[in-house]
Amino acid sequence: SSSLAAIEAARHSGLPFTAETCPHYLSFAAEDIHDGATHFKCTPPIRERDNREALWGALCSGVLDAVVSDHSPCTAALKRMDLGDFDRAWGGISGLQLSLPATWTGARAHGATLVDLARWMSERPAALAGRANKGAIAKGKDADLVAFDPDATISVDQSLLAHKNPVTPYHGRTLYGDSFRGKSEISIRDLLFRCDDVMRREREVVKAQLQRNGIKLYEGKGRLESDHVVAVDGAEGAAADIRYPPI
């Protein structure tokens, strides 16, 4: 957090640069990490609680641009949890699968909204990477949609993660925000994008692409009919179940 003042001054002077942080720096505090808990090791290391709160302040005020996963997976053996040896342990955290709920858990506690979350984790990263087809729900953009319940909670069990090597410091934590599963009534308007005449013509192309990738999609009554399958009203749009691939 000692660099935040310099970042803010440089930004006000008009220098062309970006500054970002990661979910683990927004979620954990050094005071809460036990000796030998090498699954928390990352670079730079987790700092104290005051530093975490300074990062949240900078993020909410616009001093920091984005939240990125810094996904750095490794085998359990490389974390040296058997020895508790921070010097020899791999320095990185597998953050891809839990980045969204971890960040949202802290965001709602700091008065931020889903609009803020989308800006930090989608709009600004897309702009930084020069991906004009990403970062917004709009005509002409890729339909990267997430069915997300901001009030649902998940209890993290590392044995159930989709990572090839499910090692995570979030194990045992309760996080806010989950994708829809099971038989849950949902609002078509909340879940899907509305299609104008052009998008209706494009819909069959998108549908064919999804099916070629092995994603289940079919028309139905506008509700989740079963695990990992979305039924949608054909007059309203298209939806798909996107699963985390093994990493």
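Note: the structure precedes this text.
Residues numbered from 1 in each chain as written. Predicted model: local features only at pLDDT ≥ 70, side-chain atom pairs only at ≥ 80, totals over all residues. Heavy atoms only, no water.

We now examine the packing of aromatic side chains. Scanning the model with the defined rule gives 3 aromatic pairs in all. Ring plane angle 85° and centroid distance 5.0 Å describe the contact between Phe28 and Phe40, whose orientation is recorded as edge-to-face. A residue pair is termed long-range when its members are at least 10 positions apart, and Phe28 in the loop between helix H2 (23–27) and helix H3 (49–61) and Phe40 in the loop between H2 and H3 qualify at 12 residues. Lying across the ring of Phe17, Arg11 places its NZ or CZ 5.2 Å from the centre. (Phe/Tyr/Trp six-rings, centres within 6.5 Å; stacked < 30°, edge-to-face > 60°. Helix = DSSP H or I, 4+ residues; strand = E, 2+ residues; numbered from the N terminus. Lys NZ or Arg CZ within 6 Å of the ring centre and 35° of its normal.)

Taken as a whole, this structure holds 9 salt bridges when the rule is applied. Of the charged contacts in the structure, one is a salt bridge between Arg11 and Asp65, with a shortest N-O distance of 2.9 Å. Taken together, the positions of Arg11 in helix H1 (residues 4–12) and Asp65 in the loop between H3 and strand S2 (66–67) put the pair 54 residues apart, joining distant regions of the chain. Judged by its relative accessible area of 26%, Arg11 falls in the partly exposed class. (Salt bridge = Lys/Arg side-chain N within 4 Å of Asp/Glu carboxyl O. Buried < 20%, exposed > 50% of the residue type's maximum accessible area, 1.4 Å probe, protein only.)

Its location among the elements puts Gly84 in the loop between S2 and helix H4 (99–109). In this structure the C-alpha to C-alpha distance between Gly84 and His39, which are 45 residues apart in sequence, comes to 9.0 Å.

A few words on the side chain of His24. Within the secondary structure layout, His24 lies in helix H2. In contact with His24, not counting residues within four places along its chain, are Cys42, Ile46, Ser69, Asp70, Ile93 and Tyr170. (Contact = heavy atoms within 4.5 Å.)

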